[in-house]
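# Chains, contacts and geometry: an overview
This is what each chain is made of:
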Amino acid sequence: MAETHVLFVEDDDVIREATQLALERVGFTVTAVPDGLLGLEAFRADRPDIALLDVMVPGLDGVSLCRRIRDESAVPVIMLSARADAIDVVLGLEAGADDYVTKPFDGAVLVARIRAVLRRFGHAAGPHGSSPGDGAPDEADGVLLVFGDVEIDTEGMEVRRGGDHVGLTPTEMRLLLEFSSAPGTVLSRDRLLERVWDYGWGGDTRVVDVHVQRLRTKIGQDRIETVRGFGYKLRA
């Protein structure tokens, strides 16, 4: 079985080398580079299974690199930031990142977050073993769901709005499937973190909020309703 290939973009030599060793010790193959331009070259050459991008790297910053990657691929992306600054977090998530980790980080925590992302992207059985929709709610398997002008093909993992194809990242698709499994029901941010992001621990709800907003821009701003103090629900 092929090993999971990680692209790691980090300009700090000590962090880059120590993290690469930590990831390789648990069985990952790692391509580690010190700047964003080299990161883009490595991504295009190697097509890794997941990318870890530091926000502040020379050549091409991590947020811009994330956008470039997202233009070409749905590969999962985790942003790394030296600060828990809301601007860094939101910019990274809005660029298409699936999660973020604040530095300094514990190696075991980073490995757990990587594995959580890979599980929900269908990499649990290997880097190319499953489709991005694996692990979605069982109730929706093989069904065409319709909510207003939005159609969700849960077998083909395709979404259409007004007959036009809507391109969703795997995380956005999982989020939509979670909503569609319980239309009209308010889902808390904590439930969404657990079900979509596979967090068995407390996570940052900004991840949920930004992805909900990204999803709204694609399927309609009024399709997902905010219920203040509780969470979100899909309008049936």
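Notes on the structure follow. (Residues numbered from 1 in each chain as written. Predicted model: local features only at pLDDT ≥ 70, side-chain atom pairs only at ≥ 80, totals over all residues. Heavy atoms only, no water.)

Two numbers describe how helix 6 (residues 170-180) lies on helix 8 (residues 206-219): the axes approach to 10 Å, and their chain directions differ by 85 degrees. By the angle class used here, helix 6 and helix 8 are roughly perpendicular. Note on element contacts: helix 8 touches helix 6 through H211, V212, R214, L215, K218 and I219, opposite T171, E172, L175, L176 and F179. Across the contact of helix 6 with helix 8, the residue classes tally to six nonpolar, two polar and three charged. (Axes fitted to C-alpha atoms, helices over the stretch in contact; angles between N-to-C directions. Helix = DSSP H or I, 4+ residues; strand = E, 2+ residues; numbered from the N terminus. Parallel < 35°, antiparallel > 145°, perpendicular 65-115°, else oblique. Contact = heavy atoms within 4.5 Å. Nonpolar A, V, L, I, M, F, W, Y, C, P; charged D, E, K, R; others polar.)

Attention now goes to the side chain of H211. Take H211: it is sitting in helix 8. What makes H211 buried here is its relative accessible area of 1%. Within polar-contact distance, the side chain of H211 engages the backbone oxygen of A97 at 3.4 Å. What H211 contacts, discounting residues up to four positions off in sequence, is L93, A97, D98, T171, E172, L175 and W197. (Buried < 20%, exposed > 50% of the residue type's maximum accessible area, 1.4 Å probe, protein only. Polar contact = N/O pair within 3.5 Å; in protein donor to acceptor, adjacent residues only side chain to side chain.)

Let's shift gears to helix 7 (residues 189-196). Among the residues of helix 7, those classed as buried are L192, L193 and V196. For helix 7, the angular spread of the buried residues around the axis is 100 degrees, confining them to a single face. What points out from helix 7, more than 90 degrees from its buried face, is the exposed set D190 and E194. Turning to helix 7, the residues buried within the fold contact helix 5 (107-120), helix 6, helix 8 and strand 11 (231-234). Once helix 7 ends, the next one or two residues include D198, with phi positive near 60 degrees. (Arc of directions from axis to C-beta.)

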